[in-house]
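Listed below are the residues making up each chain.
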Amino acid sequence: MAAGPAPPPGRPRAQMPHLRKMERVVVSMQDPDQGVKMRSQRLLVTVIPHAVTGGDVVQWLTQKFCISEEEARHLGAVLVQHGYIYPLRYPRSLVLRPDETPYRFQTPYFWTSTLWPAAELDYAIYLAKKNIRKQGTLVDYEKECYDRLHTKINHAWDLVLMQAREQLRAAKQRRKGDRLVIACQEQTYWLVNRPPPGAPSVLEQSPGRESCATSRVHMTKRADFYKQEIEYCRRALGRTRVKSSVCLEAYLSFCGQRGPHDPLVSGCLPSNPWISDDDAYWVMNAPTVVAPTKLRVERWGFSFRELLEDPVGRAHFMDFLGKEFSGENLSFWEACEELRYGAQAQVPTLVDAVYQQFLAPGAARWVNIDSRTMERTLEGLRQPHRYVLDDAQLHIYMLMKKDSYPRFLKSDMYKGLLAEAGIPLETKKRVFPFSRRPRHSSPSPALLPTPVEPTAAGGPGGGDGVA
Amino acid sequence: MCDQTFLANVFGSCDKCFKQRALRPVFKKSQQLSYCSTCAEIMATEALHENETLASLKSEAESLKGKLEEERAKLHDVELHQVAERVEALGQFVMKTRRTLKGHGNKVLCMDWCKDKRRIVSSSQDGKVIVWDSFTTNKEHAVTMPCTWVMACAYAPSGCAIACGGLDNKCSVYPLTFDKNENMAAKKKSVAMHTNYLSACSFTNSDMQILTASGDGTCALWDVESGQLLQSFHGHGADVLCLDLAPSETGNTFVSGGCDKKAMVWDMRSGQCVQAFETHESDINSVRYYPSGDAFASGSDDATCRLYDLRADREVAIYSKESIIFGASSVDFSLSGRLLFAGYNDYTINVWDVLKGSRVSILFGHENRVSTLRVSPDGTAFCSGSWDHTLRVWA
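Residues numbered from 1 in each chain as written. Chains lettered and ligands numbered in written order. Predicted model: local features only at pLDDT ≥ 70, side-chain atom pairs only at ≥ 80, totals over all residues. Heavy atoms only, no water.

A water-sized probe rolled over the atoms picks out the places where empty space is left. This model, assessed by the stated rule, comprises 5 cavities of 30 Å³ or more. Roughly 150 Å³ of volume is contained in the largest cavity. In terms of lining residues, the largest cavity is bounded by 17 residues, among which A:His82, A:Val202, B:Phe326, B:Asn345 and B:Arg369 are the most central. By residue class, the composition of the lining of the largest cavity is 7 nonpolar, 7 polar and 3 charged. Space inside the second largest cavity adds up to approximately 80 Å³. (1 Å grid on protein atoms, 1.4 Å probe; cavity = no way out; pocket = protein on both sides within 12 Å on 5 of 7 lines; lining within 4 Å. Points joined across faces, edges and corners; volume = space filled by probe spheres on them. Nonpolar A, V, L, I, M, F, W, Y, C, P; charged D, E, K, R; others polar.)

Spelled out as C-alpha cells, the structure:
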C-alpha cells in the first residue's frame with residue numbers, strides 16, 4: 001500500500017461491535033485443529049495454499065453455532081460481503097457459493113476495522129496499478145473514478161503514478177502465487193470499500209452515529225452530569241423493589257392468559273386477514289359492533305384497563321354504572337383524560353368545565369371524593385394546569401377499579417353478554433389456493449367525521465361494524 | 001490562530017479585580033477576558049481545584065452505582081428461564097411475507113401503524129413519507145419532506161394526521177386530506193424544535209401531544225396546536241435513539257434508549273428520570289414496553305435484546321445467540337407478550353420466545369438491513385421496513 005499518511009487509528013472499531021465479532025469468528029475458523037479444513041488449491045498452473053471451499057465454510061458454521069444450513073449460508077455470505085473471506089476464482093463478486101469454489105481468509109492488514117476509512121490516495125494508486133499493468137482492465141465505474149480522482153488530486157498525480165510503478169515492480173519480484181493472492185486481497189478490500197454502483201455498501205452508517213463517539217466524550221466530562229447521576233442513585237437506593245420470582249411469575253400468568261387472544265401465537269377466527277385476504281375478522285372486531293365476539297368479552301374481565309379501552313366494553317360499563325347511580329364517576333374520569341391529553345390552549349376552559357359539572361358544591365354530577373383529595377384539588381384549581389386533577393382522577397379510577405368493576409364482572413349483565421357472544425366459524429380453506437380473494441379496501445379514518453367519545457346517552461354504539 | 005502568537009502589552013483595568021495593571025489575555029469557556037497576572041495565577045489554581053472535584057464526583061457516582069447494583073441483586077432469587085421451565089414450548093412457527101410494499105426510492109427508515117389495523121405510514125432517506133393501506137398495498141398519501149433521512153414518523157391515534165422528522169431537527173405534523181386540490185405540504189405544522197436530528201416521535205393518547213427524542217440527547221413533550229414545549233427530559237449522555245410510551249393505567253411514563261447504552265424511564269409530568277438501566281454494551285437502537293407495562297425490551301448494536309423488569313428494577317433476560325453478530329435495530333412484542341420480534345442489521349428477523357429465552361424462528365427475505373419493525377395494533381401481523389427500499393408485512 002502507499003507509503004503515505006498512516007491510516008487513522010481504529011476509532012470505528014468501538015462503534016462497530018459486529019466487526020470485532022466477525023473477526024473473532026474468522027480467527028477461530030483458521031484455527032489449525034478446530035477450524036475449517038484447509039487445502040491447497042490449484043488455479044490453472046499456480047498452487048495456492050491455505051484455501052477453503054465454500055461448502056466447508058458453510059458446514060463449519062452449521063456445526064459450530066448449531067444452526068440450520070440456510071442460516072449458515074447467510075452468515076457465510078455476510079462474512080464474504082464484508083471482505084473477511086474472499087473468492088479466488090470469481091474475484092468480481094463477493095458472494096459465497098456453498099460448493100467447491102475456493103476461498104481464502106483476508107489478511108488482517110486489509111480488515112475493515114484496521115484500515116477504515118479507505119484513503120482516496122490509496123484508491124488512486126490501486127486504479128493506476130490496474131491501468132498500467134494491463135490497459136483496459138478498468139471496468140466502467142472504475143474508469144469514471146479514475147478520471148474523477150485524476151482531476152481531484154491532480155497535484156499528487158506524479159506521486160500516484162510513481163507509487164503504482166514501484167509497487168508493480170516490487171510485486172514482479174514475488175512468486176506468482178503470492179502475487180495472485182495479494183492481488184485478490186487488494187481487490188476484495190476495494191470491492192468492500194468502493195462498491196460498484198448499484199451494489200449496497202456494507203459500511204454505510206446512519207447519519208449522526210459518527211458524532212456519537214465525540215459527543216459521548218464531550219458530555220461525560222461535565223460536573224453536572226455526575227451530580228445528576230449521584231442524585232439519581234441516591235433516589236434509586238431508596239425505592240422499594242419486588243422479588244424477581246414474583247415479577248417473573250406475573251409474566252407467566254400474563255402470557256398464559258393472553259395466549260389464546262394472540263393471533264400470531266394461537267391464530268384467530270374466522271381467519272387471519274393477512275393470510276386469507278378476507279377482512280371478516282376486522283369487520284367482526286370493529287371498534288363499535290352490536291355483537292362483540294366471545295374472546296373480546298372475555299378480555300373485559302382481564303383488567304379494568306382492557307374494559308375501558310374497548311369502546312363497546314366501556315359503553316356497557318357506563319350502562320351498568322347508570323343502574324347503580326354512579327355513572328358520574330366514569331364521566332368524570334373521561335373528562336379528566338380529555339384535559340390531560342388536550343390542547344394546551346384548552347386547559348383553563350376544560351378545568352373550569354370539569355369543576356362546574358363535577359366538583360363544585362351542588363354540582364349536577366357531583367363526584368364523591370374524600371375530603372383530603374378534594375381540599376388539595378380545590379387548592380390546585382387556583383392555578384389550573386393539565387395535571388391539576390390527577391389526584392382526584394386517580395381516586396375515582398381506583399374507586400371504580402376496586403368496587404364497581406368487580407361487581408360488574410359478577411353482574412347478570414356481564415354474564416349475559418358473555419353467554420350471548422359467539423365464536424366465529426373458521427373460514428373453509430379455498431379449494432383453489434391460487435385464486436386470490438379480492439382484497440376489500442376500507443374508508444380511511446381521515447375521511448370519517450371526527451369520532452365522538454362514547455357517552456352515557458344510549459346503549460352501546462349502534463350500527464354495524466365500520467372497518 | 002494568529003492572534004495568539006504575540007503577547008501585546010496592554011495596560012488597563014483587570015476584568016476580575018478591576019485594578020489598573022498590565023493585562024494578559026485569558027480564555028474562560030471560549031470567552032476572552034483580560035486579567036492581571038495575579039488574577040491569572042489564581043484562576044490557574046482554581047481550575048486545578050475544579051478538576052479535583054470532577055474526579056471525586058466521578059468516583060462518588062461510581063461507588064453509588066455499585067451499591068445500587070448490590071441492592072438490586074439482593075432480591076434476585078430466580079432466573080426467567082428457570083421459572084419458564086413449566087411453560088409449554090411453542091410449536092413450529094411458519095411466518096411468511098404476506099405483503100410487500102414497494103414504492104420508496106430509497107432506504108425505509110421508520111414506520112408506524114394506524115389504529116385501524118391496516119394502514120401504515122413509512123418514511124425514507126430521500127425525504128418521502130408515504131401512507132399506505134397495506135392490506136390492498138395501495139398508496140393513499142405521499143409527502144416529500146424538505147430534508148433527507150426522515151428517521152421518525154408516527155400515525156396520530158385518530159388516523160387523521162401523521163408526524164415525521166429527521167435531519168431537519170424538527171417534528172412536523174401533516175393533517176391527512178383527500179382533497180385533490182389541497183397540497184398536503186401546505187397544511188404542515190412545525191411542532192418540535194431540537195438542536196440535532198430527530199430520531200423518534202410518538203403521539204400520546206391524543207392527536208394533540210407529541211413526544212420526541214433527538215440526537216441532541218434530550219426528549220421533549222410538545223403541544224401540537226401551539227408548538228409549545230410542555231416538558232423536556234435531560235439525562236442521557238449522548239444521542240437518544242428511541243422511545244416508547246407506557247401502556248399503564250395512569251399513563252404517565254415512557255422509556256427512552258440512547259447511544260450512552262442507557263435505557264431511562266421518565267415521569268412525563270415532572271420531567272425526572274425514574275429508573276435507569278445500563279447493562280447493554282453498545283448503543284440501544286430500540287425500546288418497547290411489554291404489553292402489561294411492567295417491563296420493557298431493548299435492542300442494541302451489541303447484538304442482544306434484553307428484558308428489563310420495572311418492579312424488580314433489573315435486567316431479567318438476555319436474548320442472544322453466538323451466531324447473531326449484527327445489532328438489533330428494532331424490537332416489538334406480540335399481543336400476549338410471548339413472542340419478541342427483532343429486526344437485525346444482517347437483514348434477518350429473529351423471533352424469540354420471551355419466557356424461555358430461546359429463538360423460535362429466523363426470517364429471511366430482506367436484502368438489506370431491517371431498520372424498523374412494528375406489530376399491528378390487533379396483533380394479526382407485523383411490518384418490517386428495510387434499507388432495501390421495501391416494507392414487508394409478515395403473518
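Let us now look at the confidence of the model for chain B. The predicted coordinates of low-pLDDT regions are not to be read in fine detail. Residues and elements named next belong to chain B. The pLDDT averaged across chain B works out to 91; a share of 95% of its residues lies at or above 70. In this model residues 1-7 is a low-confidence stretch, pLDDT under 50, and it forms 2 contacts with partners more than four residues away in sequence or in other chains. Interface confidence for the predicted complex, expressed as ipTM, amounts to 0.88; the pTM equals 0.88. (pLDDT = per-residue confidence, 0-100. Contact = heavy atoms within 4.5 Å.)

When the parts of a complex come together, some accessible area is lost, and that lost area is often taken as the interface size. Each assigned domain of chain A is listed here: domain 1 (19-110), domain 2 (120-193) and domain 3 (267-420). The centre of domain 2 of chain A, based on its C-alpha atoms, is set 72 Å off from the matching centre of domain 3 of chain A. (Domains from an automatic or database assignment.)

With that out of the way, let us pick up the interface of chain B and chain A. Taken together, the 128 residues of chain B in the interface contact 102 residues of chain A. Note on chain B versus chain A: buried area summed over both sides is about 9900 Å², and carbon and sulfur give 60% of it. Viewed at the interface, chain A and chain B are joined by 10 salt bridges. The salt bridge partner of A:Glu71 is B:Arg359, with a shortest N-O separation of 2.5 Å. (Buried area = accessible area lost by both parts, 1.4 Å probe. Salt bridge = Lys/Arg side-chain N within 4 Å of Asp/Glu carboxyl O.)

Next up on the list: the layout of surface pockets. Residue and element names in this part refer to chain A. For the second largest pocket, the calculated volume is near 1000 Å³. For the second largest pocket, the lining is made up of 27 residues, of which Arg133, Arg179, Ile182, Ala183 and Cys184 are closest to its centre. Within the residue set of the lining of the second largest pocket, elements represented by two or more residues are helix H5 (120-133), helix H7 (157-172) and helix H8 (176-193). In terms of residue count, the dominant contributor to the lining of the second largest pocket is H8 (9 residues). Of the residues assigned to the lining of the second largest pocket, the class counts are 13 nonpolar, 4 polar and 10 charged. (Helix = DSSP H or I, 4+ residues; strand = E, 2+ residues; numbered from the N terminus.)

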